[in-house]
Structure formats: structure tokens, C-alpha cells
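# Working through the structure, step by step
What follows is each chain in one-letter form.
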Amino acid sequence: MDIPWILDHLDELALRTLQHFGLAALAVGVGFVLSMGLSILAVRVRLTMGPIVTLTGIFYTIPSLALFAALVPVTGLSLFTAEVPLVLYTLLIFVRNISAGLDGVPPDVIEAADGMGYPGRTRLLRVELPLAVPLIVAGVRLASVSTIGLVTISGILGDRFGGLGFFIFEGYRRSFPTEIIAGAVPSVILALVVDRLLVVAGARLTPWFKERAGA
């Protein structure tokens, strides 16, 4: 472990960590928005559930390194190349959790909302989504942690979009273990911190579940 090297590269480590987080956050955000639309469609129109889950499952099974490499000749070393695979890998996680959360809303609650005259969109926003929050947050946690791990693979794209993975690939290329550790350890810590923050956020978004558990 070359401590002087790490001390000399603290600024770059901080910048790479921020870049890593930014790439992951953008992918999770875009994936969440796309998946929310797909999940609502799947729950409202049941015939679409199978095709949507199948398609997102196919995306999830594509090897990440191969997908990054396949996109480079088409889209070049760009942010688009870095983000497309990351977004695709979040879809299955989000679709399953969001649709399961919406499906888990008790029928009598939906009937009560209909009886109160809530139109479909209002019922979704005020009744169904709040009750689905625990499963949605679980999906966000899983997608966030897995995406932070996958961002390291974007290190094959080089300096501009490599995040902490840049250190891992450079360390491997140079046979320099310290640089590999400098990329791997912060990415693990980042994943743990983000996961913990999401746990806290989920608890704050659903205080009624905590009160019910206490009762």
C-alpha cells in the first residue's frame, strides 16, 4: 500500500468519487422515471406486464463489459455511452418493485378512493403511490447500490467517464495494487453511505409504518 501516492492524489480521488456518484445518480434518476411509466402501464394494462418484464429482463442479462464495449464504436466515448447500459440495468429492478408496490395496494382502499370521487391520476398520486413507497424505496436502494458497482466498469471508457473505475483499470494495467484499492474501497464506501441515506429517507417518507410497528 503506497500511502504517499494516495496522499498525492487526494484531490483526484475526491473528483473521481463525485464523478462516480454523478454517473450513478443520473442513471438511477433516468431509470426511475422510465420505470415508473412502464410500471403504471403494466399495472393498468395487464397484457403489457409480461412483455415489459421480459424486455427489461433481457437488458439485465446482457454482460455489462460487453455492452459498454459494443456502444463505443456507435456512440463514441461519450456520456451517452456511459449512461445507456447503467440505465438499462436499473429497469428490471425498478419495474418489479414499483409494479409490486402498486399491486399491493388493498382493493378496498382503491374502492374507497373511487367512492370518494378520486379520478385515476389523483388516486395514483394520493393513495396508491404513498402506499407503495416501501417497495419503491427498496427498489431505489437495490438499483442505487448495484449501479454504483456497475459504474466502475465504465472505467474502460477512460479518463472522462471512468469514475473510480478509472483507478481500478489503470492500476490493473500498471500492476499497481494501491491504485486498484484507491478505486475499489471508495466505491464500496459510497454504496454503503448511499444505501444508509436511502434507508433514512424511506423511514421519513413512511412514518405511518413506524407508528404501526410501534403500536
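### Focus: the nonpolar core
- With 33 residues, the main nonpolar core has Leu86, Phe94, Ile98, Leu102, Leu129, Ile136 and Ile148 as its most contacted residues.
- At the level of secondary structure, the elements contributing two or more residues to this core comprise helix H2 (10-44), helix H4 (64-75), helix H5 (79-103), helix H7 (120-151) and helix H9 (177-205).
- The greatest single-element share of this core, amounting to ten residues, is contributed by H5.
- Residue contacts for Leu102: discarding those within four places in its chain leaves Ile40, Val43, Leu124, Glu128, Leu129 and Ala132.
- The next biggest cluster of nonpolar side chains, apart from the first, holds eight residues, and it includes Trp5, Leu164, Phe166 and Phe176.

### Side note on a nonpolar patch on the surface
- Taken together, Met1, Ile3, Leu7, Leu10, Ile181, Val185, Ile189, Val193 and Leu197 make up a surface patch of nonpolar side chains, about 840 Å² in accessible area.
- Sorting the residues of the nonpolar patch by element identifies helix H1 (3-8) and H9 as the ones contributing at least two each.
- The element contributing the most residues to the nonpolar patch is H9, with five residues.
- Positionally, Ile189 belongs in helix H9.
- What makes Ile189 partly exposed here is its relative accessible area of 46%.

### Describing the confidence of the model for the protein
- On average, residues of the protein score 86 in pLDDT, and 96% of them are at 70 or above.
- When mean pLDDT is taken per element in the protein, H2 scores highest with 93 and helix H10 (residues 207-214) scores lowest with 54.

### Regarding the pattern of salt bridges
- Applying the stated criterion across every chain, the model contains seven salt bridges.
- For Glu170, the salt bridge is made with Arg173, and the minimal N-O distance between the two is 2.8 Å. With a gap of three residues between them, Glu170 and Arg173 both fall in helix H8 (residues 165-174), about one helical turn apart.
- A residue is classified by how much of its surface remains accessible, and Arg173, at 57% relative accessible area, is exposed.

The rules we used
- Residue numbers restart at each chain and count upward from 1, following the sequence in its written direction.
- The predicted origin of the model limits local features to residues at a pLDDT of at least 70 and limits the giving and counting of side-chain atom pairs to 80 or more, whereas totals for whole chains, interfaces and linings rest on all residues.
- The side-chain numbers reported here are obtained from all heavy atoms of the structure, hydrogens and water having been left aside.
- Within this scheme, the nonpolar core is defined by two criteria: the residues are buried Ala, Val, Leu, Ile, Met, Phe, Trp, Tyr or Cys, and they are joined through side-chain atoms within 4.5 Å.
- A 1.4 Å probe rolled over the protein chains alone gives each residue an accessible area, and that area as a share of the maximum for its type sets the label: buried under 20%, exposed over 50%, partly exposed in between.
- By the criteria applied, helices consist of DSSP H or I runs no shorter than four residues and strands consist of E runs no shorter than two, each listed in order from the N terminus.
- We call two residues contacting when some pair of their heavy atoms lies within 4.5 Å.
- Put simply, a patch holds well-exposed residues, over 30% relative accessible area, that have no salt bridge, with like charges counted together within 9 Å and Val, Leu, Ile, Met, Phe, Trp or Tyr side chains within 5 Å.
- Here the Shrake-Rupley method, with its probe set to 1.4 Å, supplies the accessible areas, and only the displayed protein chains count as covering residues.
- Whenever Lys or Arg places a side-chain nitrogen within 4 Å of a carboxyl oxygen from Asp or Glu, that contact is recorded as a salt bridge.
- Per residue, pLDDT measures the predictor's confidence, with a range of 0 to 100.

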